[in-house]
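# Overview (structure and organization)
Below, each chain spelled out in residue letters.
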Amino acid sequence: MTSPLARRVYETCHLTGSFRLRSGQTSDEYFDKYLFEAQPGLLREVAEAMVALLPECDVLAAMEMGGIPIATVMSQLTGLPTAFVRKQAKEYGTGKAAEGAPVDGRRVVVIEDVVTTGGALLASCRQLRANGATVESVICAIDREQGGRENLAAEGLRLRAALTRRDLELALPG
C-alpha cells in the first residue's frame, strides 16, 4: 500500500530528462529533493512525519544545506532549539562547525534530508561528538537504502527515516 506522503513527495520531486549525476554518469531520471522542501505544506508534512520518529533529545542538529529547512520546521513543531551544522567549520568569525544552539553536554539528534551512504553525516556526527554532544540518532526524510543505515550503525548511530527508496518506488504511478 502506497503512503499518501510518499506519493506526494514522488510526484513533486521526480523529474525526467537528461541529468548529469554526482558520479559523472548521465540519467534520464532525477529526484530533486529540494522541490519538496520548497513547498510549505509538503515540507510541513515531511517534518511532522520526522517529528514522530524523534527520540528524547535536547537539540536538533540540521545538516547543511537540505537538513536546515526541515529542522527549522521541526523546531517550530517541537519547541526544540536547533544547531546548524556546516560541512566545514568556517574560517572566519567564530570558526564554528555548528552554529545556533549549543551542543556541548546535550543529547543531539541530527536531521538530514536524504541519506545515501552517510559519509557526510558520519563526519558531522564525529564533529558534534568532539564538541561534547551526545549523538546517537539521525532522522532523515528519505533513506535511499544504499548503505547509509549500515555505515551509521557501525559508528553507533541509529538511522530513522520518514520515507525510504522502497516507499517512493511503491508510489510510482501505474
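Each chain has its residues counted from 1, running along the sequence as written. Given that the model is predicted, a residue must reach a pLDDT of at least 70 before its local features are reported, and side-chain atom pairs must reach 80 or more before they are shown or counted; all residues, however, enter totals for whole chains, interfaces and linings. Heavy atoms throughout the structure, all of them, feed into the side-chain values; hydrogens and water do not.

## Structural notes on the environment of Thr-12
As a reminder, the rule being used: Secondary structure counts use DSSP, requiring at least four H or I residues in a row for a helix and at least two E residues in a row for a strand, with both numbered from the N terminus. Contacts are residue-level and defined by heavy atoms, with any inter-residue pair within 4.5 Å sufficient. For the purposes of these results, a polar contact is taken to be a pair of N or O atoms within 3.5 Å, where, inside protein, one atom must be able to donate a hydrogen and its partner to accept one; residues adjacent in sequence count only when each atom of the pair is a side-chain atom.
Considering the arrangement of structural elements, one finds Thr-12 in helix H1 (residues 4–13). For the pair Thr-12 and Thr-26, spaced 14 residues apart in sequence, the C-alpha separation works out to 21 Å. Residues within four places of Thr-12 in sequence aside, it is in contact with Leu-35, Phe-36, Gln-39 and Leu-42. Of the polar contacts made by the side chain of Thr-12, one reaches the backbone oxygen of Arg-8; its length is 2.8 Å.

## Considering the sheet that holds strand E3 (residues 59–63)
The line we're drawing: In short, DSSP must find at least two bridges between two strands for them to pair. Only the stretch in contact is used when a helix axis is fitted, and all axes are lines through C-alpha atoms; the angle between N-to-C directions ranges over 0 to 180 degrees.
Strand order in the open sheet formed by 6 strands is E5-E4-E3-E6-E7-E8, with mixed pairing between adjacent strands. The sheet terminates laterally at strand E5 (98–100) and strand E8 (158–164), the two strands that pair on one side only. In this sheet, neighbouring strand axes are inclined to one another by 25 degrees on average, regardless of whether the strands run parallel or antiparallel. In the packing of helix H3 (residues 40–51) onto the sheet, the strands contacted are strand E6 (107–115), strand E7 (134–143) and E8, and the crossing angle to E7 comes to about 140 degrees. Across the sheet, helix H4 (residues 67–78) is in contact with E3, strand E4 (82–85), E6 and E7; its angle to E3 comes to roughly 160 degrees.

## Structural notes on the pattern of salt bridges
To be explicit about the condition: Here a salt bridge means any side-chain nitrogen of Lys or Arg lying within 4 Å of a carboxyl oxygen belonging to Asp or Glu.
As enumerated under the stated definition, the model contains 11 salt bridges in all. In this structure, the salt-bridge partner of Glu-45 is Arg-8, at a minimum N-O distance of 2.2 Å. With a gap of 37 residues between them, Glu-45 in helix H3 and Arg-8 in helix H1 connect regions that are remote in the sequence. Put simply, Glu-56, Asp-58 and Arg-107 are held in one network by salt bridges that share partners.

## What to know about the state of the cysteines
Note the following rule: The disulfide criterion used throughout: a pair of cysteine sulfur atoms within 2.5 Å.
Tallying each qualifying case throughout the model produces 0 disulfides. In this model Cys-125 remains outside any disulfide bridge; the closest cysteine sulfur is found in Cys-140, 12 Å from its own.

## Focus: the confidence of the model for the protein chain
Put simply, the rule is: Per-residue confidence from the predictor is reported as pLDDT, a score between 0 and 100.
Confidence in the prediction for the protein chain averages 91 pLDDT; 94% of positions are at 70 or higher. For the protein chain, per-element mean pLDDT is lowest for strand E2 (residues 26–31), which scores 85, and highest for H4, which scores 98.

## Side note on the side chain of Thr-82
Under the convention used in this document: Burial here depends on accessible area, computed with a 1.4 Å probe over protein chains only, as a share of the maximum for the residue type. Under 20% is buried, over 50% is exposed, and the range in between is partly exposed.
For Thr-82, the location among the structural elements is in strand E4. In this structure Thr-82 comes out as buried when scored by relative accessible area, which is 10%. Residue contacts for Thr-82: discarding those within four places in its chain leaves Val-59, Leu-60, Ala-62, Ala-71, Ser-75, Glu-99, Gly-100 and Ala-101.

## Observations concerning the nonpolar core
Formally: The set of buried Ala, Val, Leu, Ile, Met, Phe, Trp, Tyr and Cys residues whose side-chain atoms join them within 4.5 Å is what this entry labels a nonpolar core.
The biggest cluster of nonpolar side chains holds 30 residues, and the ones touching the most others in it are Val-9, Phe-36, Ile-111 and Ile-142. Counting only elements with at least two residues in this core, the list comes to H1, H3, E3, H4, E6 and E7. What Phe-36 contacts, discounting residues up to four positions off in sequence, is Val-9, Thr-12, Cys-13, Leu-42, Leu-43, Val-46, Ile-70, Ala-141 and Ile-142. By size, the runner-up hydrophobic cluster in this structure holds 23 residues, among which are Met-63, Ala-98, Val-110 and Val-138.

## Section: H3
Here is the rule we go by: One fewer than the residue count of a helix, multiplied by 1.5 Å, yields its expected span. Of all possible arcs, the one meant is that of the directions from the helix axis to the C-beta atoms.
With 12 residues, H3 should reach 16 Å at 1.5 Å per residue; the first-to-last C-alpha distance of 16 Å fits that figure. Here H3 has its buried residues at Leu-42, Leu-43, Val-46, Ala-47 and Met-50. Relative to the axis of H3, the buried residues are bounded by an arc of 135 degrees and lie together on one face. Buried positions along H3 lie against H1, helix H2 (34–37), H4, E6, E7 and E8.

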